[in-house]
Amino acid sequence: MRIVVAGATGNIGALTAAALERAGHEVVRVSRSLGVDVVTGEGLDDALAGAGAVVDATNSTAADPAETVAFFGAATRNLLAAGQRAGVRHHVLLSIVGIDRVDGNAHYAGKREQERLVAAGPVPWTIVPATQFHDFAEMVAGWTEQDGTAVLPPLLVRPVAPGDVADVLAEIAAGAPQGRHPGLAGPGPQDLVDMARRTLAARGREVRLVPSWDGLFGAEMAGNVLLPAEGARIAPTSFEAWLAARRG
Ligand SMILES: NC(=O)c1ccc[n+]([C@@H]2O[C@H](COP(=O)([O-])OP(=O)(O)OC[C@H]3O[C@@H](n4cnc5c(N)ncnc54)[C@H](OP(=O)(O)O)[C@@H]3O)[C@@H](O)[C@H]2O)c1
């Protein structure tokens, strides 16, 4: 099957493209650096020609809710319209567990818009909400790190390995549309500050970590709001195993 991966140079997109190729599919990689822009629509019709499925693993770096809604709105409208023109039979969207339970997060506003458009759109779909990835803590710490100190929220998460997310997306893309997937999470709960501390230690880096709800992640994200619902698919790779593999 010919499968388009939008965001194919990104963290999950690259791994998904590789997983699809291992399974014998023909992969068309889409990203701006590869000459296709999902926001302007440039190059999309050519990229989607003959495709049976599209996996959307694009991402926005915007920090403002209006900007994330504009990015994901335009990207999703363009992908769905081009998909309809090309006769795509399955649109797979990578989303995030818990976005409906948090109002104040800018990225989540864009993801909600993306989900809304896919669910109301013309192409049969599967929305796959995943929990935070194993490398999320290090990324969040990196956003504020200055002079050896980083500030990050003590989120309760049940993180999942990027490779496991990619394997599940590849498996889903090759199958029939499922509508809303029950969600994808890793094997156990973690504290984001502790994850960051252990990841940085594994890299031999000393960074003082300050827990705080004053930032991109407010106190409305405390408690169980980011944890998966009952019935979620539990991926096999623990945070500890992922960390050990990176160390090795
Ligand atoms: N981080 C987490 O813990 C987490 C958890 C659950 C779900 N998610 C979701 O997972 C998705 C993927 O995240 P990620 O970390 O893998 O993303 P990422 O590494 O930031 O990669 C983003 C990809 O999107 C492409 N892209 C950005 N703008 C584009 C445009 N206008 N046209 C075409 N391609 C564009 C980028 O390539 P170019 O720059 O070359 O265009 C890149 O390939 C996101 O939607 C995120 O919400 C993340």
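Quick summary incoming for the structure in this document.

Definitions and cut-offs
Residues numbered from 1 in each chain as written. Predicted model: local features only at pLDDT ≥ 70, side-chain atom pairs only at ≥ 80, totals over all residues. Heavy atoms only, no water. Axes fitted to C-alpha atoms, helices over the stretch in contact; angles between N-to-C directions. Helix = DSSP H or I, 4+ residues; strand = E, 2+ residues; numbered from the N terminus. Parallel < 35°, antiparallel > 145°, perpendicular 65-115°, else oblique. Left-handed = near helix turned anticlockwise from the far one by under 90°. Contact = heavy atoms within 4.5 Å. Nonpolar A, V, L, I, M, F, W, Y, C, P; charged D, E, K, R; others polar. Core = buried A, V, L, I, M, F, W, Y, C linked by side-chain atoms within 4.5 Å. Buried < 20%, exposed > 50% of the residue type's maximum accessible area, 1.4 Å probe, protein only. Near = heavy atom within 4 Å. Polar contact = N/O pair within 3.5 Å; in protein donor to acceptor, adjacent residues only side chain to side chain. Areas by Shrake-Rupley, 256 points an atom, 1.4 Å probe, with all protein chains shown as cover. Phe/Tyr/Trp six-rings, centres within 6.5 Å; stacked < 30°, edge-to-face > 60°.

Some details on the packing of helix H1 (residues 11-22) against helix H6 (residues 162-173)
The interhelical angle for the contact between H1 and H6, taken along N-to-C directions, is 50°, at an axis separation of 8 Å. By the angle class used here, H1 and H6 are oblique. Considering only the axes of H1 and H6, their crossing is right-handed. Counting all contacts with H1, which are made through Asn11, Ile12, Leu15, Thr16, Ala19, Leu20 and Arg22, the residues of H6 involved are Pro162, Gly163, Val165, Ala166, Asp167, Leu169 and Ala170. The residue inventory of the contact of H1 with H6, partitioned by class, reads 9 nonpolar, 3 polar and 2 charged.

Examining the nonpolar core
In terms of nonpolar packing, the biggest core is built from 27 residues, with Tyr108, Leu152, Leu155, Leu192, Leu209, Met221 and Leu226 touching the most fellow members. Contributions of two or more residues to this core are made by helix H5 (136-144), strand E6 (149-152), helix H7 (192-202) and helix H8 (239-247). Here this core takes 5 residues from H7, the largest share from any one element. In contact with leucine 152, other than residues within four places in its own chain, are Ala137, Val140, Ala141, Leu192, Val193, Ala196, Leu209, Val210, Pro211 and Ser212. Among the nonpolar cores identified, the runner-up in size contains 24 residues, and Ile12, Val165, Ala173 and Leu184 belong to it.

Considering the site of the ligand
In the vicinity of the ligand there are 27 residues, among which Thr9, Arg32, Thr58, His107 and Lys111 approach most closely. Between the ligand and arginine 32, the relevant distance is 2.8 Å, taken from an oxygen atom to a side-chain nitrogen or oxygen of the residue. Contact distances for the ligand include 2.9 Å between an oxygen atom and a backbone N or O atom of phenylalanine 133. If the ligand stood free it would expose 920 Å²; the protein chains cover 87% of that surface. Looking at the shell around the ligand, the elements that each hand over two or more residues are H1, strand E4 (90-96) and helix H4 (106-119).

A look at the packing of aromatic side chains
Remark: the centre distance and the inter-plane angle together describe each pair of aromatic rings, the angle taken between the planes. Considering all chains together, one arrives at 4 aromatic pairs under this definition. For the pair phenylalanine 71 and phenylalanine 72, a centre-to-centre distance of 5.1 Å together with 90° between the ring planes defines the contact as edge-to-face. Each of the two residues, phenylalanine 71 as well as phenylalanine 72, counts as buried.

A word on the environment of valine 54
Within the element layout of this structure, valine 54 appears in strand E3 (residues 53-56). Among the residues examined, valine 54 registers a relative accessible area of 1% and is labelled buried. In this structure, the C-alpha to C-alpha distance between valine 54 and serine 212, residues 158 residues apart in sequence, is 38 Å. Apart from residues lying up to four places away in sequence, valine 54 is in contact with Val4, Leu48, Leu79, Val88, His90, His91 and Val92.

Remember that the coordinates give geometry; whether it matters functionally is a separate question.
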